[in-house]
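Spelled out from the first residue to the last, the chains are:
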Amino acid sequence: MRARIVLLLAIAFPLVAGLPAQAAPGCAQRDEAAPTLTRLQDAMAEGRFVAYQPTALKVWDGNPVAAGEESIRADLAALRPWFDGLITYGAHSGAEKVPAIAAELGFRAVIVGVWDPSDETELAASLAAWETHPEIVVGLSLGNEVVFGQRGDWAALESAVAHVRTRAPGLPLSVTEPFAEFLTPAARPLLAGLDFMAVNIHPVFEPWFSEAPPFNWADFVVQVSRRLADEAFCGPILVKETGVPTGPAEKGFDEAKQAAFYGELQKVLPPSRARAFAFFSAFDAPWRVYDFNPVPGEHPEEAHWGLFTETRAPKRVMDDLTPISAPAP
């Protein structure tokens with residue numbers, strides 16, 4: 001969520017400074033070996049995803065505070081009128097319970113996140129969620145910004161994907177990184193083995209953001225996702241993180257800008273089986289200001305990404321979202 005890699009935006013097509021154009025991995029080989037993506041692609045095209053971390057799950061000095069079932073159920077009940085898909089960040093400290101509770105509340109899809117792909121306990125919990133609720137767990141994302149955050153490298157992620165593939169051959173797999181990481185040559189071997197791409201694309205971290213109108217913010221997401229499809233990955237692409245925080249005000253952020261961004265993005269990036277985006281994120285998380293950040297300096301915006309406050313109060317953006325019906329049985 002913190003990629004601050006300068007991208008020169010052209011109206012017709014974006015170019016990442018210093019990165020040569022390259023062809024995407026061939027699709028024929030992928031189609032022969034890939035597990036079924038039908039339910040994931042159905043959810044991308046027909047549903048609405050939101051990135052979700054339980055409000056009660058906080059991390060202080062590297063130590064997580066676990067979320068209870070009651071709190072998670074209250075979170076998901078607040079989200080369900082507008083969203084039927086969830087993307088989580090971990091399968092530990094209570095978050096491993098999300099798929100079961102989501103199934104009870106009528107969500108159609110959960111992409112389970114694994115924060116630490118080398119943690120066998122967390123990995124086992126994520127696979128148990130899929131085995132217990134295969135009707136709702138449509139994919140697994142191994143790590144969030146592991147390479148960008150220097151918590152691991154591409155080889156480690158390749159090894160993790162191969163390891164999970166042997167244990168769960170029918171489960172669609174991905175990893176999550178900022179877009180520019182996926183456009184580097186070092187990412188190509190890993191990308192060739194993924195089933196779908198979960199990517200973070202944040203216009204707010206680009207140097208031109210404050211001077212551009214909301215249409216350009218949204219168009220940036222479209223252009224970057226198009227380049228990823230053309231040059232880096234030929235499977236389904238789900239923009240896992242993109243958004244505008246609602247604070248702090250002194251940095252020029254507010255609820256009106258968040259609402260304007262999503263209003264434009266829904267126009268220019270309509271959901272499809274090939275490409276869709278998730279709203280980021282479900283709830284504010286003030287504790288993130290004090291969490292580890294791979295980018296030096298203070299990051300007060302980390303507290304304000306939510307569509308809802310930490311106490312589950314809806315923000316301005318929710319006034320513009322139409323409710324979404326429960327999936328057919």
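Keep in mind that what you see is a predicted model, and the values were worked out from it rather than measured.

**Considering the pairing of strand β12 (residues 275–279)**
Now for step 1: By the criterion of burial, β12 is predominantly enclosed, with four of the five residues buried.
Now for step 2: In this sheet, β12 lies alongside strand β3 (residues 49–51) in parallel orientation, the contact comprising two bridges. Each bridged residue has a counterpart across the sheet, and for V50 the counterpart in β12 is F279.
Now for step 3: Pairing of strand β11 (residues 237–241) with β12, which is carried by three bridges, proceeds in the parallel orientation. Residue pairing in the sheet places V239 in a bridge with F277 of β12.
Now for step 4: The β-α-β motif built from β11, the intervening helix α10 (residues 255–268) and the parallel element β12 has right-handed crossover chirality.

**Observations regarding the packing of helix α5 (residues 120–132) against helix α6 (residues 154–167)**
Now for step 1: Across the interface, α5 lies against α6 with an axial gap of 12 Å and an inter-helix angle of 45°. The angle between α5 and α6 places the two elements in the oblique class. Once α5 is placed against α6, the crossing between them reads as right-handed. Side by side, α5 and α6 meet where E120, L123, A124 and L127 of the first sit next to H163, V164 and R167 of the second.
Now for step 2: A breakdown of the residues in the contact of α5 with α6 according to their chemical character gives four nonpolar, one polar and two charged.

**So, the pairing of strand β10 (residues 197–200)**
Now for step 1: Of the two faces of β10, the one lined by M197 and V199 and the one lined by A198 and N200 are each fully buried.
Now for step 2: Sheet topology note: the strand β9 (residues 173–178)/β10 ladder contains three bridges and is parallel. Across the sheet, the residue bridging to E177 is V199, located in β10.
Now for step 3: Bridge count for β10 against β11 is four bridges, and the pairing is parallel. Among the inter-strand pairings, N200 is bridged to a residue of β11, identified as E241.
Now for step 4: Crossover β10 to β11 through helix α9 (residues 214–232) is right-handed.

**Points about the packing of aromatic side chains**
Now for step 1: Counted according to the given criterion, the structure contains 16 aromatic pairs.
Now for step 2: Residues F277 and F279 carry aromatic rings whose centres are separated by 5.2 Å and whose planes lie at 50° to one another, so their mutual orientation is tilted. Across the pair, F279 and F277 agree in class, each one buried.
Now for step 3: One aromatic cluster is present, formed by F83, F261, Y262, F277 and F279 through successive ring pairs.
Now for step 4: Cation over ring: R80 sits above F107, and NZ or CZ is 5.5 Å from the ring centre.
Now for step 5: Above the plane of the ring of W115 lies R151, whose end atom (NZ or CZ) is 4.1 Å from the centre.

**Some thoughts on the sheet that holds β11**
Now for step 1: Spatial ordering of the closed barrel is given by β3-β6-β7-β8-β9-β10-β11-β12, a layout of eight strands whose pairing is parallel. Strand-to-strand twist across the sheet, computed as the mean angle between neighbouring axes with direction ignored, equals 25°.
Now for step 2: Where strand β6 (residues 85–87) meets strand β7 (residues 109–114), three bridges bridge the pair, whose relative direction is parallel. When the sheet's bridge partners are listed, G85 is paired in β7 with A109.

**Considerations on the packing of α9 against α10**
Now for step 1: The contact between α9 and α10 brings their axes to 8 Å, and the two run at 50°. When the axes of α9 and α10 are compared, the pair comes out oblique. Where α9 crosses over α10, the two elements pack in a sense that is right-handed. In this structure, α9 uses P214, F215, W217, A218, V221 and V222 to contact α10, whose residues at the interface are K257, A260, F261, E264, L265 and V268.

**Description of empty space enclosed by the protein**
Now for step 1: On inspection of all chains with the given rule, the structure shows two cavities of 30 Å³ or more.
Now for step 2: By volume, the largest cavity is sized at about 160 Å³.
Now for step 3: Looking at side-chain class alone, the lining of the largest cavity contains 12 nonpolar, four polar and four charged residues.
Now for step 4: Quantified by volume, the second largest cavity comes out at close to 40 Å³.
Now for step 5: Taken together, T88, G90, A91, A95, E96, V98, P99, V110, V112, A125, S126 and A129 form the lining of the second largest cavity.
Now for step 6: Those elements that provide at least two residues to the lining of the second largest cavity are α4 (98–104), β7 and α5.
Now for step 7: Tallied by class, residues from the lining of the second largest cavity come to eight nonpolar, three polar and one charged.

**Focus on unusual backbone geometry**
Now for step 1: Look at the link from G247 to P248: it is a cis peptide, with omega at 0°.
Now for step 2: The topology assignment puts P248 in the loop between β11 and α10.
Now for step 3: The phi torsion at S93 lies on the positive side, around 55°, for a residue other than glycine.
Now for step 4: Within the secondary structure, S93 sits in the loop between β6 and α4.
Now for step 5: Exposure remark for S93: the relative accessible area of 18% places this residue in the buried category.
Now for step 6: In the Ramachandran plot, E145 falls in the positive-phi region, its phi being about 55° despite a non-glycine side chain.
Now for step 7: Inspection of the secondary structure puts E145 in the loop between β8 (137–144) and α6.

Thresholds, definitions, all that
Residues numbered from 1 in each chain as written. Predicted model: local features only at pLDDT ≥ 70, side-chain atom pairs only at ≥ 80, totals over all residues. Heavy atoms only, no water. Buried < 20%, exposed > 50% of the residue type's maximum accessible area, 1.4 Å probe, protein only. Helix = DSSP H or I, 4+ residues; strand = E, 2+ residues; numbered from the N terminus. Pairing = 2+ DSSP bridges. Right-handed = clockwise from strand over helix to strand, strands pointing away. Axes fitted to C-alpha atoms, helices over the stretch in contact; angles between N-to-C directions. Parallel < 35°, antiparallel > 145°, perpendicular 65-115°, else oblique. Left-handed = near helix turned anticlockwise from the far one by under 90°. Contact = heavy atoms within 4.5 Å. Nonpolar A, V, L, I, M, F, W, Y, C, P; charged D, E, K, R; others polar. Phe/Tyr/Trp six-rings, centres within 6.5 Å; stacked < 30°, edge-to-face > 60°. Lys NZ or Arg CZ within 6 Å of the ring centre and 35° of its normal. 1 Å grid on protein atoms, 1.4 Å probe; cavity = no way out; pocket = protein on both sides within 12 Å on 5 of 7 lines; lining within 4 Å. Points joined across faces, edges and corners; volume = space filled by probe spheres on them.

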